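Structural overview for review
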Amino acid sequence: MKSTRRKFITTTAALAAGTVTASAISLKEQKEEWPIVHHVFFWLKNPGSTEDRDKLVAGVKTLAKIETVRKLRVGIVASTEKRDVVDNSWAVSELMFFSDLAGQATYQTHPIHLEFIKNCSHLWEKVIVYDAMDV
């Protein structure tokens, strides 16, 4: 029984170490590939409207067609633990990754982005943008 338990513990430790190593490699590759992060939070004019939220989500997803957007994640508020440091007052978020500042600048003036603003700006009351770069 002890040898089986020892083998189980050794195998589990090896698998855990491999997972950590694979995750670290993946994060390192992503950091080198997409060092510019653009995170936008939207507050809806009609915060209780699922229809408006879904229209905004669909609109944000069109931004993935812009050639300089390397990755796009669209989210809604998660039902996580309520804490003083958590702001869950927004409705929709977009998280984008760019290879460089030039790519992010291209995104800002791209016709698809401008069309998104034209078609969806009536849905939001407030927008906050956080741009960051890897250090």
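Residues numbered from 1 in each chain as written. Predicted model: local features only at pLDDT ≥ 70, side-chain atom pairs only at ≥ 80, totals over all residues. Heavy atoms only, no water.

Per an unreviewed UniProt entry, the protein chain is named Dabb family protein, and its organism is Mucilaginibacter rubeus.

1. Looking at the side chain of Thr 68
Position of Thr 68 among the secondary structure elements: in the loop between helix H2 (50–61) and strand E2 (71–76). Residue classification places Thr 68 among the buried residues on the basis of a relative accessible area of 13%. Here Gly 103 takes part through its backbone oxygen, which lies 2.8 Å from a polar atom of the side chain of Thr 68. Discounting residues that sit within four places of it in the chain, Thr 68 has contacts with Phe 97, Phe 98, Gly 103, Thr 106 and Tyr 107. (Helix = DSSP H or I, 4+ residues; strand = E, 2+ residues; numbered from the N terminus. Buried < 20%, exposed > 50% of the residue type's maximum accessible area, 1.4 Å probe, protein only. Polar contact = N/O pair within 3.5 Å; in protein donor to acceptor, adjacent residues only side chain to side chain. Contact = heavy atoms within 4.5 Å.)

2. Quick word on the packing of helix H3 (residues 101–109) against helix H4 (residues 111–120)
It is the contact of H3 with H4, at a shortest axis distance of 5 Å, that shows an interaxial angle of 45°. In terms of orientation, H3 and H4 fall into the oblique class. Between H3, through Tyr 107, Gln 108 and Thr 109, and H4, the contact on the second element is made entirely by Pro 111, His 113 and Leu 114. Of the residues belonging to the contact of H3 with H4, the class tally is three nonpolar, three polar and no charged. (Axes fitted to C-alpha atoms, helices over the stretch in contact; angles between N-to-C directions. Parallel < 35°, antiparallel > 145°, perpendicular 65-115°, else oblique. Nonpolar A, V, L, I, M, F, W, Y, C, P; charged D, E, K, R; others polar.)

3. Here's the deal with the sheet that holds E2
Pairing is antiparallel across the open sheet formed by four strands, whose spatial order is E2-E3-E1-E4. Every interior strand has two partners, whereas the edge strands, E2 and strand E4 (124–133), have only one. Between one strand axis and the next, the sheet turns by 15° as a mean value, whatever way the strands run. Across six bridges, the pairing between E2 and strand E3 (residues 92–98) is antiparallel. Each bridged residue has a counterpart across the sheet, and for Ile 76 the counterpart in E3 is Val 92. Along the sheet face, H2 touches strand E1 (36–44), E2, E3 and E4 and points at about 175° away from the line of E2. (Pairing = 2+ DSSP bridges.)

4. Observations regarding the pattern of salt bridges
Per the stated rule, a full pass over the model turns up two salt bridges. Between Lys 55 and Glu 51 there is a salt bridge, and its shortest N-O distance comes to 3.4 Å. Taken together, the positions of Lys 55 and Glu 51, both in helix H2 and four residues apart, correspond to about one turn of that helix. Overall, Glu 51 belongs to the exposed group, its relative accessible area being 54%. Two residues, Asp 54 and Arg 53, come together in a salt bridge whose shortest N-O distance is 3.1 Å. (Salt bridge = Lys/Arg side-chain N within 4 Å of Asp/Glu carboxyl O.)

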